[in-house]
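Next come the chains, spelled out residue by residue.
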Amino acid sequence: MTGWESAVLDGGPADGMRMKVADRPRVLQVTYPCRTEAAADGPRVEAVFVYRRDYAVNQEPLRYGFDIASP
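Values in this document were obtained by computation on a predicted structure and should not be read as measured data.

> Give me the lowdown on the nonpolar core, citing residues and values where you can.
General note: in soluble globular proteins, nonpolar side chains tend to be found buried as a group. Membership of the largest hydrophobic core is limited to 9 residues, which are A7, L9, A14, V21, L28, V30, Y51, L62 and Y64. Listing elements by their share of this core, those giving two or more residues are β1 (4–10), β3 (27–33) and β5 (62–66). Once you skip the residues sitting within four places of it in the chain, V30 turns out to touch L9, A14, A47, V48, F49 and Y51.

> Can you explain the environment of A69? Please cite residues and give values.
By the element assignment, A69 lies in the segment after β5. Separated by 32 residues in the primary sequence, A69 and E37 place their C-alpha atoms 28 Å from one another.

> Before we move on, could you go through the pattern of salt bridges and cite the residues and values that matter?
Under the definition given, this model contains 2 salt bridges. The salt bridge partner of D67 is R52, with a shortest N-O separation of 2.5 Å. Linking D67 in the segment after β5 with R52 in strand β4 (residues 46–53), this pair joins segments that are 15 residues apart in sequence. Taking the relative accessible area as the measure of exposure, D67 reaches 16% and is therefore buried. R52 gets classed as partly exposed once you look at its relative accessible area, which sits at 40%.

What counts as what
Residues numbered from 1 in each chain as written. Predicted model: local features only at pLDDT ≥ 70, side-chain atom pairs only at ≥ 80, totals over all residues. Heavy atoms only, no water. Core = buried A, V, L, I, M, F, W, Y, C linked by side-chain atoms within 4.5 Å. Buried < 20%, exposed > 50% of the residue type's maximum accessible area, 1.4 Å probe, protein only. Helix = DSSP H or I, 4+ residues; strand = E, 2+ residues; numbered from the N terminus. Contact = heavy atoms within 4.5 Å. Salt bridge = Lys/Arg side-chain N within 4 Å of Asp/Glu carboxyl O.

Following this line, the structure appears as structure tokens:
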């Protein structure tokens, strides 16, 4: 384990969001809840956005770029 490091998201709906990550994950997933017309205790729907690590950045903050083609 490399420990916790600062990271920032670049582009997409979470542009500029900062966080701490452990072990330099290759991919981060960001989700946003969607409004549904179903009962509150029913299934949930979430929009999924994928961010991939920029391997050219080796110092904090690590950078993750929005992958418009995923998922």
